Amino acid sequence: MLDTISTGPAQGAAQLGWTGVVRFLHLAPRAFLPMRAAESINLVAGRGIEGDRYMIGNEEGFYSHKPEEGRQVTLFELETLVALKRDAGIVLGPEEHRRNVTVEGVPLNHLVGRRFWLGETLLEATRLSVPCRHIEEITGKAIFDPLINRSGLNCRILQGGIVKVGDTVRNAA
Amino acid sequence: MKARPITTVKTVVTGIEAAGAGIKLFTLADPDAWELPPFKPGAHIDLHLPNGLVRTYSLCNEPADNSRYVIAVKREADGRGGSRALHDEIDIGTVIGVSLPRGGLDPDARIARYVFVAGGIGVTPFLSMARHLERTGQADYKLHLIVREEVPLADHLGALIEQGRIVVHRTSRTGRPDLAALVGEGGGDTLVACCGPEGMADDFERVTAAWPAAHVHIERFVAPPPVIDPDAKPFTLSLARSGAEIQVRAGQTMLAALQEGGIEIAASCCGGICGACKVGWIEGKPVHRDRILSPYERERYLMVCVAGSDAERLVLDL
């Protein structure tokens, strides 16, 4: 029973119940460097984001010594940033969580193992991101505990393309 | 594929400028001119030099100047080797890994007036502060620069000396100034800070002993020797990731024991004030002797250069 979600109405509701939007895009070419905001980024199928530290073949990231095929692009919920401020009084900007794509209206934790459209690109969610001390070190903010279970989503890129701020995010059937 | 983790910010030397007797200014930048990790005024970084030495230097540019790190290095012929390596072996284009910036003064603190006391090349962290305060105008400040005769970084300080922001005290002409008179009585909204050689830092500590600790900031060129409890007992370090067990002898530092055991640990000041050797701990009763970790950080981290253990076994996240 716990190996998959139910078939039937619940599954249909989960698939049809959301449409989200890309709010912020960020990337950095090397470990530790501040993330820089972009209006658009180029996702390369099977590899990653052009110019980002974790693009497969670049290996310039803090975790690049632990290679992971399913970590080509990372997403984060804007709602988590709102909740951090509301519930914990922590102001964490979209450039500080160090994931690439900040989305709004997308239930990231429900998408592991599923495919969805990020603008014109098709992604497959591989696993939930986990909080890391590295972010605390870089931001100087005590965010490890508050980010448990909501620190984003790792994805592989099935179909590449340009993703822009304002693009729609929706389920792929 | 790189097997080794990336532990430093990659920079290249983009500028070397002579700045007075035996002093050079080095400018470090990202290879693609990307912004560098941010820093507070007066912060410092560790340089991981190509010859393996790790040395700490204050940043002397201001935080808004975020695409470069500028350090001033005085060549100390009889020093520990870091300044000689920088002066003699580093050229434009040399790649140097640096740590994330640490320390510095909180630019948002409610301070209306700063009094800085610097000895010689100890002026560098205050140059960053002065530039920040000049640009933002958020607080009044005065910098007392105590030198034997020659003013270091004269080209960079000249304008501020003319404006009266920096007061130069030449000990060759007027003797040592009275530090108590320089820092004055102070008050709730005044912060005093000192960076200088050992004797000056000790004197400064004495004359500010009655001040609230949060309003006194002291940086020393060389970390004071760590104080080790004569009743210290030996203990065992268990390394959670590698499974290794390391014995720490009574009075020995964890850092020394780890290094003897072949564990690579970046360390710099070895006196609990620079923060380079911060390690996570998982189980045990660490005794913190550093001067920088907050109570919150101490719940998870310790500084292996000075910390001890109050139990026979301490588990580290290594």
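Being a predicted model, the structure only gives us computed values, none of them experimental. Sequence order as written defines the numbering, with residues in each chain counted from 1. Working convention: letters from A go to chains and numbers from 1 go to ligands, in the order in which they are written. Per-residue local features of the predicted model are confined to residues with pLDDT of at least 70, and side-chain atom pairs are confined, for both listing and counting, to 80 or more; whole-chain, interface and lining totals are unaffected and use all residues.

A.B. asks: Explain the overall build of chain B to me, please; I cannot follow it from the model alone.
C.D. replies: When helices and strands are counted, chain B shows 8 helices and 18 strands. The C-alpha extent of chain B, read off along each of the three principal axes, is 60 × 50 × 40 Å. Here a residue counts as buried when 20 or more other C-beta atoms sit within 10 Å of its C-beta, as exposed when there are 12 or fewer, and as partly exposed otherwise, the C-beta atoms being derived from the backbone. Buried positions account for 36% of the 318 residues belonging to chain B. Only DSSP runs of H or I reaching four residues or more are called helices, and only runs of E reaching two or more are called strands; each is numbered from the N terminus.

A.B. asks: Sorry, what's going on with the interface of chain A and chain B here?
C.D. replies: Accessible area lost during the coming together of the parts is what is often quoted as the interface size. Chain A puts 16 residues into the contact, and the matching count from chain B is 18 residues. Counting residues per element, the side of chain A that touches chain B draws most heavily on helix α3 (residues 133–139) of chain A, at 3 residues. Taken together, the residues that form the side of chain A that touches chain B break down as 9 nonpolar, 2 polar and 5 charged. Contact between two residues is assigned when their C-beta atoms, built from the backbone, lie within 7 Å. Only Asp, Glu, Lys and Arg are considered charged in this grouping, and only Ala, Val, Leu, Ile, Met, Phe, Trp, Tyr, Cys and Pro are considered nonpolar; every other residue, Gly among them, is considered polar.

A.B. asks: Just to check I follow, could you spell out unusual backbone geometry for this structure?
C.D. replies: Among all residues save glycine, negative phi is the norm, and among peptide bonds the norm is trans. Residues and elements named next belong to chain A. Positive phi outside glycine occurs at Phe 32, with the angle close to 75°. The residue Phe 32 is located in the loop between β1 (20–27) and β2 (36–38) in this model. C-beta crowding within 10 Å serves as the criterion here: with 23 such atoms nearby, Phe 32 is assigned to the buried category. You will see that Asn 149, though not glycine, has its phi angle at about 70°, which is positive. With respect to the helices and strands, Asn 149 occurs in the loop between α3 and β9 (153–159).

A.B. asks: Where do I start with the environment of Gly 51 of chain A in this structure?
C.D. replies: Tracing the backbone shows Gly 51 of chain A in the loop between β4 (48–49) and β5 (73–77). Setting aside anything within four residues of it in sequence, one finds Gly 51 of chain A in contact with Leu 27 and Pro 29 of chain A.

A.B. asks: Just checking my understanding: could you explain the sheet that holds strand β10 (residues 190–196) of chain B for this structure?
C.D. replies: Residue and element names in this part refer to chain B. Should DSSP find at least two bridges between two strands, the strands are taken to pair. Taken together, the 5 strands give an open sheet; going across it, the order is β9-β8-β7-β10-β11, and neighbouring strands pair in parallel fashion. Here the strands that pair on one side only, and so sit at the sheet edges, are β9 (166–170) and β11 (216–220). Taking the axes of each pair of neighbouring strands and ignoring which way they run, one obtains an average angle of 15° across the sheet. Relative to β11, β10 runs parallel, the two being bridged by 5 bridges. Bridging across to β11, Val 192 finds its partner in Val 216. Only the stretch in contact is used when fitting a helix axis, every axis being a line fitted to C-alpha atoms; angles between N-to-C directions are given from 0 to 180 degrees.

A.B. asks: Where do I start with the nonpolar core in this structure?
C.D. replies: As a rule of thumb, soluble globular proteins bury nonpolar side chains together. In plain words, the nonpolar core is the set of buried Ala, Val, Leu, Ile, Met, Phe, Trp, Tyr and Cys residues that C-beta atoms within 7 Å link up. Val 101 of chain A together with Tyr 69, Ile 71, Phe 116, Ala 118, Phe 126 and Leu 143 of chain B are the most contacted members of the largest nonpolar core, which totals 84 residues. Here this core gathers at least three residues from each of two domains, domain 1 (9–98) and domain 2 (113–220) of chain B. In this view, Ile 71 of chain B contacts Phe 26, Tyr 57, Ser 58, Leu 59 and Cys 60 of chain B; residues no more than four positions away in its chain are not counted. Core analysis: the second largest hydrophobic core is formed by 26 residues, Ile 246, Val 248, Leu 258 and Cys 270 of chain B among them. Where each domain begins and ends follows an automated or database-derived domain assignment.

A.B. asks: Which parts of the structure should I look at to understand the sheet that holds strand β4 (residues 54–58) of chain B?
C.D. replies: Residues and elements named next belong to chain B. With respect to topology, 6 strands assemble into an open sheet ordered β4-β3-β6-β1-β2-β5, the strand pairing being antiparallel. The open sheet has two free edges, formed respectively by β4 and β5 (69–74), since each of these has just one partner strand. Pairwise comparison of adjacent strand axes, ignoring direction, gives a mean angle of 40° for this sheet. In terms of strand pairing, strand β2 (residues 23–29) meets β5 through 6 bridges, oriented antiparallel.

A.B. asks: How should the confidence of the model for chain B be read in this particular structure?
C.D. replies: Fine structural detail should not be taken from predicted coordinates in areas where pLDDT scores are low. All names here are of chain B. pLDDT expresses, on a scale from 0 to 100, how confident the predictor is about each individual residue. Summing up the model confidence of chain B, the mean pLDDT is 89 and the portion of residues at 70 or higher is 95%. By mean pLDDT, the top-scoring element of chain B is β2 (97), and the lowest-scoring one is β11 (82). Quick note on the complex model: pTM equals 0.77, ipTM equals 0.84.

A.B. asks: What should I look at first to understand the pairing of strand β3 (residues 40–44) of chain A in this one?
C.D. replies: Taken residue by residue, a regular strand's side chains alternate between the two faces of the sheet. Alternating positions in β3 of chain A separate cleanly, Ile 41 and Leu 43 of chain A being buried on one face and Ser 40, Asn 42 and Val 44 of chain A remaining unburied on the opposite face. Between β3 of chain A and the antiparallel strand that follows it, β4 of chain A, lie 3 residues; Gly 46 of chain A among them carries a positive phi value of about 75°.

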